Every structure is written in C-alpha cells, then in structure tokens.
Amino acid sequence: MENCLPNLESLQFILQVLGGKWKIHILSILYFGKKRFKELEREIGSISPKMLIKELKDLEAAGIVYRQTFNTVPITVEYSLTEDGLTLKPVLNQINEWAVHLKQKVNNQSKQRPGEQG
C-alpha cells in the first residue's frame, strides 16, 4: 500500500489540474493549434463564456495554456498550448485510444445481454 501513495498523490494532482467537464475538451481543441476565445466557445458549443474564462484561467495558472493578447480594436486574445501543454499530446492520444476501446467494449457487452432488446 505504501507504493500506491505517491501514485495516488500524482493522480490527485492530475485531477486537480485537468479535472472537470471542460478542460480535456479545451486541451483537445488547442491540440490542433492556436484558437481565439470565440473559436473555442463555438467549437465547444455548450459552455458558457464565464465557465470558459474560468477553465482557461485555471489551465493558464497551471502553465498548460498560454494566453496572448493583441492590441487591436477590439482586443484579440489567442490561446495555445505551452511547452508543458504540448507534452500532453501523447497523453491525450492515449486517453482517446482508451476511450474508443472502452466504448466499444461497453457497447459490445450491452448488445450481448440476454433479454434486452437493442
């Protein structure tokens, strides 16, 4: 059990930084390059501007997202992954592969249950 403690602390830290409904979604969009605030808002769809601002601030505070402002009228703001954020690319790919595999497994199991109609 002692060997598990550092892993649990690391997992708790990861969940603190990346946890919640929106952060992985935001990172997945920024994975493909810089985005303006409105672009992020449109691509996510069901997030409120207030929540998007909060999540971006959290990711920026964690050093994963970089916020760049341009002195235009109106002010233009772009978000991108930092160097540390870019190191998440293989992790995001791995999470995606795991999710696809698990989803297929769950779907196959639900199709095989006797007495249920699909």
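Before going into details, it helps to say that this report is about the structure given with it.

Cut-off values and rules
- Residue positions are given per chain, counted from 1 along the sequence in the order it is written.
- Note on the predicted model: pLDDT of at least 70 is required for a residue's local features to be given, and 80 or more for side-chain atom pairs to be given and counted; whole-chain, interface and lining totals, by contrast, use all residues.
- Water and hydrogen atoms play no part in the side-chain values, which are based on all heavy atoms of the structure.
- A helix here means a DSSP run of H or I that spans at least four residues, while a strand means a run of E at least two residues long, and both kinds are numbered starting from the N terminus.
- Categorising residues by exposure relies on relative accessible area from a 1.4 Å probe, with only protein chains included: less than 20% of the type maximum marks a residue as buried, more than 50% marks it as exposed, and the intermediate range marks it as partly exposed.
- Residue contacts follow a heavy-atom distance rule, with two residues in contact if any of their heavy atoms lie within 4.5 Å.
- What we call a nonpolar core is a set of buried Ala, Val, Leu, Ile, Met, Phe, Trp, Tyr and Cys residues that are connected through their side-chain atoms within 4.5 Å.
- In this analysis, rings of Phe, Tyr and Trp, with Trp reduced to its six-membered ring, are considered paired at centre separations within 6.5 Å, and the interplanar angle assigns stacked below 30 degrees, edge-to-face beyond 60, and tilted for intermediate values.
- Note on geometry: a ring has a charge over it if NZ (lysine) or CZ (arginine) is within 6 Å of the ring centre and within 35 degrees of the ring normal.
- What makes a salt bridge here is a side-chain nitrogen of Lys or Arg within 4 Å of a carboxyl oxygen of Asp or Glu, nothing more.
- DSSP-based pairing: two strands are paired if at least 2 bridges between them are found.
- Orientation is described by lines fitted to C-alpha atoms, with helices fitted over the stretch in contact, and by angles between N-to-C directions that extend from 0 to 180 degrees.

Side note on the overall build of the protein
Looking only at helices and strands, the protein has 6 helices and 3 strands in total. Starting at the N terminus and ending at the C terminus, the protein contains elements arranged as α-α-β-α-α-β-β-α-α. Taken over 118 residues, the protein has a buried fraction of 27%. Across the protein, the fraction of contacts at a sequence separation of at least 24, relative to all contacts at a separation of at least 6, is 47%.

What about the nonpolar core?
Core analysis: the biggest nonpolar cluster contains 22 residues, and I26, L27, L52, L56, I64, V65 and Y79 have the highest contact counts within it. When contributions to this core are tallied by element, the ones reaching two or more residues are α1 (4–18), α2 (23–30), α3 (37–44), α4 (49–61) and β3 (76–81). A total of 4 residues in this core trace back to one element, the largest contributor, which is α2. For V65, the residues in contact, after removing those within four places along its chain, are L27, L30, L56, L59, E60, Y79, S80, L81 and T82.

Examining the packing of aromatic side chains
Counted under the stated rule, the structure contains 1 aromatic pair. Summarising the aromatic geometry, the rings of Y31 and F32 are spaced 5.0 Å apart at their centres and angled 70 degrees between planes, so their arrangement reads as edge-to-face. By relative accessible area, F32 is classed as exposed at 70%. Cation over ring: K89 sits above Y31, and NZ or CZ is 4.9 Å from the ring centre.

Section: the environment of I44
Turning to its location among the elements, I44 is positioned in helix α3. Residue class for I44 comes out buried when judged on its relative accessible area of 8%. Sequence separation of I44 and W22 is 22 residues, and the distance between their C-alpha atoms is 8.5 Å. Not counting residues up to four positions away in its chain, the partners in contact with I44 are W22, H25, I26, I29 and L52.

What about the pattern of salt bridges?
Summed over all chains, the structure comprises 6 salt bridges. Measuring nitrogen to oxygen at the nearest pair gives 3.4 Å for the salt bridge that ties K23 to D58. A residue pair is termed long-range when its members are at least 10 positions apart, and K23 in helix α2 and D58 in helix α4 qualify at 35 residues. Judged by its relative accessible area of 5%, K23 is buried. With a relative accessible area of 30%, D58 lands in the partly exposed category. A cluster of three or more residues bridged by salt bridges with shared partners is formed by K23, K54, E55 and D58.

Thoughts on the sheet that holds β3
Hydrogen bonds between backbone atoms are what pair the strands of a sheet, whose relative direction is either parallel or antiparallel. Here 3 strands make up an open sheet; going across it, the order is β1-β3-β2 and the pairing antiparallel. Two strands lie at the open edges of the sheet, namely β1 (35–36) and β2 (65–70), each paired on one side alone. Relative to β3, β1 is paired through 2 bridges, and the arrangement is antiparallel. What sits directly across from R36, in β3, is E78. Packed onto the sheet, α2 meets β1, β2 and β3 and runs at close to 95 degrees relative to β3.

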